[in-house]
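One letter stands for each residue in the lines below.
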Amino acid sequence: ASTLLIGAVATPPSLAVTIADDDADNIVIPGRVMTYTITITNSGQTDATTTMAVAIPTGMGTPNNITYTSCGSPSSSYSASTLNFSSLSIAAAATCTVQFKVPINSPLNEGTTLIVSANVAQASQGGNDPAIVYADTLTIDATPVLTTTITENDADNTVYPDQDVTYTVTISNT
């Protein structure tokens, strides 16, 4: 026996967005490459097609190594500190995952904060307009790590009057 529903309408897309980075303590050093993962979940009964704008703050470089999982065949572009995605397709009751890497510029001042945000638009099929989501605030640790070494050219460590001894002092910032 089968049931025929007359006039039943599938619910429109219902999108929920999260963003995460790969740094547990949110303290980062200049030059580090961050990995961001954005998930868009469609809990509706209708497939969704949407766009997304990711704000990359001053102090971070150009995003790269962009990958998609279960997002259809989207495209991306980067301009004026915004990483734009178009044609993100999320099936009903499914999740689309976008991942990218972005370097932290060097040098940056101690205590500089960086926040990446993602703004997913309402699906072209209707439904909700998700709120902008923000990744954890990253704080720059630009404290130098200095090491010093001192060497001299007196092999027997015995110094005589009028003997020239050359000292070499090396300071490294790692």
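To be clear, the structure that these remarks concern was listed above.
Rules of the game
Here the residue index of a chain counts from 1 through its sequence in written order. With pLDDT at 70 or above as the cut-off, local features in this predicted model cover only qualifying residues; side-chain atom pairs require 80 or more to be listed or tallied, and sums for whole chains, interfaces and linings still use all residues. Side-chain measures here rest on the full set of heavy atoms in the structure, leaving out hydrogens and waters. Throughout, nonpolar core names a set of buried Ala, Val, Leu, Ile, Met, Phe, Trp, Tyr and Cys residues whose side chains join them through atoms within 4.5 Å. Exposure classes here rest on a 1.4 Å probe applied to the protein chains alone. A residue is buried below 20% of its type maximum, exposed above 50%, and partly exposed in between. Only DSSP runs of H or I with at least four residues qualify as helices, and only runs of E with at least two residues qualify as strands; both kinds are numbered from the N terminus onward. One requirement defines pairing of two strands: DSSP has to find at least two bridges between them. Patch definition: residues above 30% relative accessible area lacking any salt bridge, with like charges linked at up to 9 Å and the nonpolar side chains Val, Leu, Ile, Met, Phe, Trp and Tyr linked at up to 5 Å. Computed with a 1.4 Å probe, the accessible areas rest on the Shrake-Rupley method; for each residue, only the protein chains presented here act as cover. The salt bridge definition used is simple: a Lys or Arg side-chain nitrogen within 4 Å of an Asp or Glu carboxyl oxygen. Note on contacts: a residue pair qualifies if any of its non-hydrogen atoms lie within 4.5 Å across the two residues.

Visitor: What should I look at first to understand the nonpolar core in this one?
Guide: Soluble globular proteins tend to bury their nonpolar side chains together. Within the largest apolar cluster, 33 residues are counted, with the highest numbers of intra-cluster contacts made by Tyr-36, Ile-38, Ile-40, Met-52, Val-54, Met-60 and Ile-104. Of all the secondary-structure elements, those providing two or more residues to this core are strand 1 (15–21), strand 3 (33–42), strand 4 (48–55), strand 7 (82–90), strand 8 (94–103), strand 10 (117–120) and strand 12 (138–140).

Visitor: I'm lost on the pairing of strand 3 in this one. Help?
Guide: In this sheet, strand 3 lies alongside strand 1 in antiparallel orientation, the contact comprising 7 bridges. The residue bridging Ala-16 from the neighbouring strand is Thr-41, located in strand 3. Here 10 bridges tie strand 3 to strand 8, and the two strands are oriented antiparallel to one another. Paired with Met-34 across the two strands is Val-102, which belongs to strand 8.

Visitor: Is there a simple way to think about the sheet that holds strand 2 (residues 27–28) in this case?
Guide: Strand order in the open sheet formed by 3 strands is 2-12-9, with mixed pairing between adjacent strands. The two strands at the open ends of the sheet, each matched to only one other strand, are strand 2 and strand 9 (113–114). Summarising the sheet, strand 9 and strand 12 pair through 2 bridges and their orientation is antiparallel. Paired with Leu-114 across the two strands is Leu-138, which belongs to strand 12.

Visitor: Which parts of the structure should I look at to understand a nonpolar patch on the surface?
Guide: Together, Leu-146, Ile-150, Tyr-167, Val-169 and Ile-171 make up an exposed nonpolar region whose accessible area comes to about 590 Å². Going through the elements one at a time, strand 13 (146–152) and strand 14 (167–173) are the ones with two or more residues in the nonpolar patch. The element contributing the most residues to the nonpolar patch is strand 14, with 3 residues. Its place among the elements puts Tyr-167 in strand 14.

Visitor: Honestly, the pattern of salt bridges in this entry has me stumped. Any pointers?
Guide: Pairs can form between side chains of opposite charge once their charged atoms are near each other. Counted under the stated rule, the structure contains 2 salt bridges. Beyond isolated ion pairs, a larger network of salt bridges with shared partners links Asp-22, Asp-23 and Arg-32.

Visitor: So what exactly am I meant to see when it comes to the environment of Ile-40 here?
Guide: Of note, Ile-40 is situated in strand 3. Residue Ile-40 is classed as buried on the basis of its relative accessible area of 0%. Considering only alpha carbons, one finds Ile-40 and Ser-73, 33 residues apart in sequence, at a separation of 15 Å. When neighbours within four sequence positions are excluded, Ile-40 is seen to be in contact with Leu-15, Ala-16, Val-17, Met-52, Leu-88, Ile-90, Ala-94, Thr-95, Cys-96 and Val-120.

Visitor: Honestly, the environment of Ile-171 in this entry has me stumped. Any pointers?
Guide: Summarising the element assignment, Ile-171 is placed in strand 14. Exposure remark for Ile-171: the relative accessible area of 57% places this residue in the exposed category. The contacts of Ile-171, once residues within four sequence positions are left out, are Leu-146, Thr-147 and Thr-148.

Visitor: In this structure, what is going on with the side chain of Asn-26? I would like to understand it.
Guide: Its place among the elements puts Asn-26 in the loop between strand 1 and strand 2. The exposure class of Asn-26 is buried, given its relative accessible area of 16%. Those residues in contact with Asn-26 that sit more than four places away from it in its chain are Asp-21, Asp-136, Thr-137, Leu-138 and Thr-139.

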